[in-house]
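Survey of secondary and tertiary structure
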There are 2 protein chains.
Amino acid sequence: MSGRLYVIGTGPGNPAQMTPEALAAVVDATEFFGYGPYLDRLSLRPDQIRQASDNREELDRAKAALERAITGVNVCVVSGGDPGVFAMAAAVCEAIDNGPSEWRDVDLVVAPGITAMLAVAARIGAPLGHDFCAVSLSDNLKPWDIIENRLRLVAEAGLVIALYNPISKARPWQLGKAFEILRDVLPAEVPVIFGRAAGRPDERMTVARLADADASSADMATCVIIGSAETRVIARETKPDLVYTPRFIKDAAR
Amino acid sequence: MSGRLYVIGTGPGNPAQMTPEALAAVVDATEFFGYGPYLDRLSLRPDQIRQASDNREELDRAKAALERAITGVNVCVVSGGDPGVFAMAAAVCEAIDNGPSEWRDVDLVVAPGITAMLAVAARIGAPLGHDFCAVSLSDNLKPWDIIENRLRLVAEAGLVIALYNPISKARPWQLGKAFEILRDVLPAEVPVIFGRAAGRPDERMTVARLADADASSADMATCVIIGSAETRVIARETKPDLVYTPRFIKDAAR
């Protein structure tokens, strides 16, 4: 009899944004696999085992978790944010797809979480209030020319764009290049939100015009949201400005 | 002194998917504005006031909530799913943008929630494991030719597509037409997920090939997720099939 394999998301790091469903999975599991800083967000009992690994070892981690689950252990694979968005749920599915047939019998339970773009959007207003997309800027995951093509097409489509993995030490120039591409398609005054560590003590939210957006405003903990031509900024005197995308596009606005 | 205006999401309807942050807002507020079925998901005290309104009266509801908050009442505006995704956070921002200047002083707190596509994705594997978009199919919100253009562009871009508001009594043909448009761009075997009431007792999840996808499989409570050419189905004998989009696109896959 196989154990259960939970794949959970902690949300962006604010404990108040982790769902009861994910917390119940943590109580039920006895062995935990994940990137160390994500495992640090959990309160584990002394009998619960922690198997931390590097952020780049996702497929190996998925395989190790499946190997333990198949022996009857209840296992929990931990992602930040939502496990289905550029995270461990896809790695676990890839491992099942390409692994031994008995892995298909594992009782897989994925618990959704608050993904970064939703947490950032909530802190600044409602920039994702109409059609939007989530694009990973990591060219470790796909060739750069596919990324450029996707950015052009979604900007032409008028979607708000949430960029995941915008920048890292190993990928320093991609975000600046993305801004260049988008400046060819979108108006200069489109708001760009740099949402860092939303909901955590070290949160930092800044807004720039696309014309002025500077890639150095982002780091690895940042989700960058680029508005559409419809996205608006509400200036407030006593509070930070709000950014939102209206629910409607009128005929005349085309 | 203005009251606080919370805008919360209940998640898709499974109480275990509502965040502690949203639950804390419910405890703190004394007056609740929302579509009746969403308010029904909350456990309110006798001293808490319920102001239910029809689903189509979003802007009026936002204005009414702001009017109460400005008098010093702590108010809670309730959405299903995430309040920032095709929901009340944008309506509240619209009302502030176009309303009296004192509304800008209201202490606005948006609490994110699990939006439908994340809940559906979790139940079926990881279809949103790589780049994806969320598009509302409601032509009450924007002209139909904009929707057609967006669908073509995002399919050409290779994004997985989550369709919100896919069908209703007043909009019976739009989803079938969307499938027609996507069949011109995407392979016949692309998986289409009809995710109804994810995580609720009346949940129903079905998967079809794009070539065979039938709009009558969807209703108002359904989020439809259309895979990309990369999206894969894992057949399982003892469990429902899994659908996922791999994290990587190799050079050769172009």
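Residues numbered from 1 in each chain as written. Chains lettered and ligands numbered in written order. Predicted model: local features only at pLDDT ≥ 70, side-chain atom pairs only at ≥ 80, totals over all residues. Heavy atoms only, no water.

1. Remarks on the packing of aromatic side chains
On inspection of all chains with the given rule, the structure shows 10 aromatic pairs over all chains. With a centroid separation of 5.1 Å and 45 degrees between ring planes, the pair formed by Phe86 of chain B and Tyr164 of chain B is classed as tilted. In this pair, Phe86 of chain B sits in the loop between strand E4 (75-79) and helix H4 (88-98) while Tyr164 of chain B sits in strand E8 (residues 160-164), placing the two residues 78 residues apart along the sequence. One exposure class covers both Phe86 of chain B and Tyr164 of chain B, and it is buried. Ring pairs connect the aromatic residues Phe86 and Tyr164 of chain A together with Phe132 of chain B, which therefore count as one cluster. (Phe/Tyr/Trp six-rings, centres within 6.5 Å; stacked < 30°, edge-to-face > 60°. Helix = DSSP H or I, 4+ residues; strand = E, 2+ residues; numbered from the N terminus. Buried < 20%, exposed > 50% of the residue type's maximum accessible area, 1.4 Å probe, protein only.)

2. So, the packing of helix H6 (residues 144-157) of chain B against helix H7 (residues 174-185) of chain B
All names here are of chain B. In contact at an axis separation of 9 Å, H6 and H7 are set at 35 degrees when each is read in the N-to-C sense. Between H6 and H7 lies a crossing whose hand is right-handed. Each of Trp144, Glu148, Leu151, Arg152, Ala155 and Glu156 in H6 lies in contact with H7, whose residues at this interface are Gln174, Lys177, Ala178, Ile181, Leu182 and Val185. For the contact of H6 with H7, the class distribution of residues is 7 nonpolar, 1 polar and 4 charged. (Axes fitted to C-alpha atoms, helices over the stretch in contact; angles between N-to-C directions. Left-handed = near helix turned anticlockwise from the far one by under 90°. Contact = heavy atoms within 4.5 Å. Nonpolar A, V, L, I, M, F, W, Y, C, P; charged D, E, K, R; others polar.)

3. So, the pattern of salt bridges
Residue and element names in this part refer to chain B. Scanning the entire structure with this criterion turns up 34 salt bridges over all chains. Its salt-bridge partner being Asp107, residue Arg4 comes within 2.9 Å of it at the nearest N-O pair. Of the two residues, Arg4 sits in strand E1 (residues 4-9) while Asp107 sits in strand E5 (residues 107-111), which places them 103 residues apart along the sequence. As a salt-bridge pair, Arg152 and Glu148 come within 3.6 Å of each other at their nearest N and O atoms. With Arg152 and Glu148 both in helix H6 and 4 residues apart, this pair spans about one turn of that helix. (Salt bridge = Lys/Arg side-chain N within 4 Å of Asp/Glu carboxyl O.)

4. Examining the sheet that holds strand E2 (residues 31-35) of chain B
Residues and elements named next belong to chain B. In spatial order, the strands read E3-E2-E4-E1-E5; together these 5 strands make up an open sheet with parallel pairing. This sheet does not close on itself; its edge strands, each paired only once, are strand E3 (49-53) and E5. Ignoring strand direction, the axes of neighbouring strands in this sheet form an average angle of 20 degrees. Here E1 pairs with E5 via 5 bridges, running parallel. Counterpart to Arg4 in the pairing with E5 is Asp107. Helix H3 (residues 58-70) contacts E1, E2, E3 and E4 of the sheet and is inclined by roughly 175 degrees relative to E2. (Pairing = 2+ DSSP bridges.)

5. Looking at the pairing of strand E7 (residues 132-136) of chain A
Within E7 of chain A, 5 of the 5 residues are buried, which leaves it mostly tucked inside the rest of the structure. Neither face of E7 of chain A is open: one carries Phe132, Ala134 and Ser136 of chain A, the other Cys133 and Val135 of chain A, and all of them are buried. One ladder, built from 5 bridges, connects E7 of chain A with strand E8 (residues 160-164) of chain A; its direction is parallel. Along E8 of chain A, the bridge assignment pairs Ala134 of chain A with Ala162 of chain A. A crossover links E7 of chain A with its parallel partner E8 of chain A, the connecting element being helix H6 (residues 144-157) of chain A, and its sense is right-handed. In this sheet, strand E7 (residues 132-136) of chain B lies alongside E7 of chain A in antiparallel orientation, the contact comprising 3 bridges. By the bridge assignment for E7 of chain B, Phe132 of chain A is matched with Ala134 of chain B. (Right-handed = clockwise from strand over helix to strand, strands pointing away.)

6. Quick look at the interface of chain A and chain B
Chain A puts 75 residues into the contact, and the matching count from chain B is 75 residues. Together, Arg104, Arg150 and Arg247 of chain A form the three largest contributors to the area buried by chain A at its contact with chain B, with a combined 11%. Our enumeration of links across chain A and chain B arrives at 10 salt bridges. For Arg247 of chain B, the salt bridge is made with Glu94 of chain A, and the minimal N-O distance between the two is 2.8 Å. Here the residues of the side of chain A that touches chain B are counted per class, giving 42 nonpolar, 13 polar and 20 charged. (Buried area = accessible area lost by both parts, 1.4 Å probe.)

7. A closer look at the relation of the copies chain A and chain B
By a simple turn and slide, chain A fits onto chain B: the slide is 0.0 Å along the axis, the RMSD is 0.0 Å, and the turn is 180 degrees. One copy is carried onto the other by what is essentially a two-fold rotation axis. When C-alpha distances to the rotation axis are compared across chain A, the minimum falls at Cys133 of chain A, with a value of 1.9 Å. Of the interface residues in chain A, 100% have counterparts in chain B that sit at the interface too, so the contact is made through matching surfaces. (Least-squares fit on C-alpha atoms with pLDDT ≥ 70 in both.)

8. Digging into the domain arrangement of chain A
Residue and element names in this part refer to chain A. Parsing chain A into structural domains produces domain 1 (4-114) and domain 2 (117-253). One C-alpha centre belongs to domain 1, the other to domain 2; they are set 29 Å apart. Tallying the contact residues gives 8 residues for domain 1 and 9 residues for domain 2. Here domain 1 meets domain 2 over a buried area of about 650 Å², counting both sides, of which 68% is carbon and sulfur. When the area that domain 1 buries against domain 2 is broken down by residue, the three leading residues are Pro12, Phe86 and Ile114, summing to 60%. Remark: the boundary between domain 1 and domain 2 carries 0 salt bridges. Run the count over domain 1 and domain 2 and you get 2 residue pairs in polar contact (both at pLDDT 80 or more). Of the residues assigned to the side of domain 1 that touches domain 2, the class counts are 4 nonpolar, 3 polar and 1 charged. (Domains from an automatic or database assignment. Polar contact = N/O pair within 3.5 Å; in protein donor to acceptor, adjacent residues only side chain to side chain.)

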